[in-house]
Amino acid sequence: MDRFFNLKSYNSFGLNVVASHFASLESVEALKALMDEAVFKENKRLVLGGGSNILFLDDFFEGLVIHYSKSGWEVLEEDENEVLICAHAGTDWSNFVDDMVEKGFYGLENLSLIPGNVGAAPMQNIGAYGVELKDCFVQLEALDFQTGKQVTFDRPTCDFGYRSSFFKQGGKGRYLVLSVQFRLKKQGNLNMAYGNISDYLNEQGLENPSLKDLSEAIKSIRRSKLPDPKEIGNSGSFFKNPLMHQLVFEQLQMEFPEIPAFPATNNTVKIPAAWLIDRAGWKGYRKGDAGVHKNQALVLVNYGKASGRELFALAMQIQLDVNKKFGVFLEPEVNIV
Ligand SMILES: Cc1cc2nc3c(=O)[nH]c(=O)nc-3n(C[C@H](O)[C@H](O)[C@H](O)COP(=O)(O)OP(=O)(O)OC[C@H]3O[C@@H](n4cnc5c(N)ncnc54)[C@H](O)[C@@H]3O)c2cc1C
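Residues numbered from 1 in each chain as written. Predicted model: local features only at pLDDT ≥ 70, side-chain atom pairs only at ≥ 80, totals over all residues. Heavy atoms only, no water.

**Q** Can you help me understand the sheet that holds strand β15 (residues 262–263) in this one?
**A** Sheets are built from strands paired through backbone hydrogen bonds, the pairs being either parallel or antiparallel. Across the sheet, which stays open at both edges, the three strands sit in the order β14-β16-β15 with antiparallel pairing between neighbours. The sheet is open, and its two edges are formed by β14 (243–245) and β15, each paired on a single side. In this sheet, strand β16 (residues 268–270) lies alongside β15 in antiparallel orientation, the contact comprising two bridges. The residue bridging Pro263 from the neighbouring strand is Val269, located in β16. Docked against the sheet, helix α7 (residues 246–255) engages β14 and β16, running at close to 95° with respect to β14. (Pairing = 2+ DSSP bridges. Helix = DSSP H or I, 4+ residues; strand = E, 2+ residues; numbered from the N terminus. Contact = heavy atoms within 4.5 Å. Axes fitted to C-alpha atoms, helices over the stretch in contact; angles between N-to-C directions.)

As structure tokens, then:
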């Protein structure tokens, strides 16, 4: 147990936040032992993975930060078509996807290079390039902080949605994810329909790309579009893309004919939040060390010494302004603590 632990390397905004208590543990037994201690019972708690989807408002976190570090993955079942994999929560997500691609297991390649750990991935049902975690998800094992018991959640009980799950809603703060199971295919169809993946592969002269080619293409596209948190503090997309009913969208379209939208489920459409923020004039904005990335309007950045409050204030200004200009509410994707 560490006292007054600096979380700078545990949050991708690079904020200098000190936690009054910090425990990095590698086994369920150690977690259960921690649950018996006063420090667990008497303090506010926060489970932290890689810290790439979190914004600390204050520079002091009065409470217990729990980091579960058990890493690695194993094959649980296998036949000629499929493989069932269990990955421990502390495994680096991006390395895990690389391992699956190396082994020739299909399903997670479009989620290459997403920062963070496996345990956090179900929290917001991570997604990219037309694929979401839920597409290959089988079940997860979690420790219930209320009962001290280990529980299994299958896909329906996780209640996955767009950048959302039961763990971000009703189950928030109650469970620590210990491991996640995925069913992957040994032969698969590559999903290249989204965005500019096919154009990129064609430019590279890859007409029949392999699993590895697709993963590498996605990594290159991501590197060219998104700032690396090691160089400039950020948390990826700060806001979710808003969903609205087709009829509401049609009204908005009358005023802004060039507004882009993508069909979603139940007569709804998804509007790129980046377009709204850009059109509202925020792209490249900077006040002090808090800003909006010059190429990616959806990414808020810490140029060095911004505080959590400054970044949050900027996010709220953007939220208000977009609401005023377009009548659309932008919901933060990042977890505010
Ligand atoms: C440059 C960049 C690009 C990104 N691109 C994408 C993208 O394309 N798609 C996407 O979906 N996301 C993206 N993200 C967001 C982020 O990578 C994911 O949300 C990731 O899953 C967060 O993992 P983490 O371990 O860093 O979680 P953390 O930030 O540590 O935690 C996130 C939330 O999960 C909780 N949590 C963490 N671990 C556990 C656990 N074991 N059990 C229970 N709760 C836990 C925390 O309490 C917190 O509420 C991006 C972020 C960055 C910085």
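The structure having been displayed, the exposition proceeds.
**Q** How do you make sense of the sheet that holds strand β19 (residues 299–302) when you look at a structure like this?
**A** If you trace the four strands from one edge of the open sheet to the other, you get β13-β19-β18-β17, paired in antiparallel fashion. Lying at the two open borders of the sheet, with one neighbouring strand each, are β13 (233–237) and β17 (286–287). Bridge count for β17 against strand β18 (residues 290–292) is two bridges, and the pairing is antiparallel. What sits directly across from Arg286, in β18, is Gly291.

**Q** Which parts of the structure should I look at to understand the pairing of strand β7 (residues 82–88)?
**A** Walk down a regular strand and you will see the side chains alternate between the two sheet faces. The element β7 is extensively covered by neighbouring structure, given that six of its seven residues are classed as buried. As paired elements, strand β6 (residues 73–78) and β7 share five bridges and run antiparallel to each other. Bridging across to β7, Glu74 finds its partner in Cys86. Connecting the antiparallel pair β6 and β7 is a turn made up of three residues. Judged from the seven bridges that link them, β7 and strand β12 (residues 175–185) form a sheet pairing that is antiparallel. Counterpart to Cys86 in the pairing with β12 is Gln181. (Buried < 20%, exposed > 50% of the residue type's maximum accessible area, 1.4 Å probe, protein only.)

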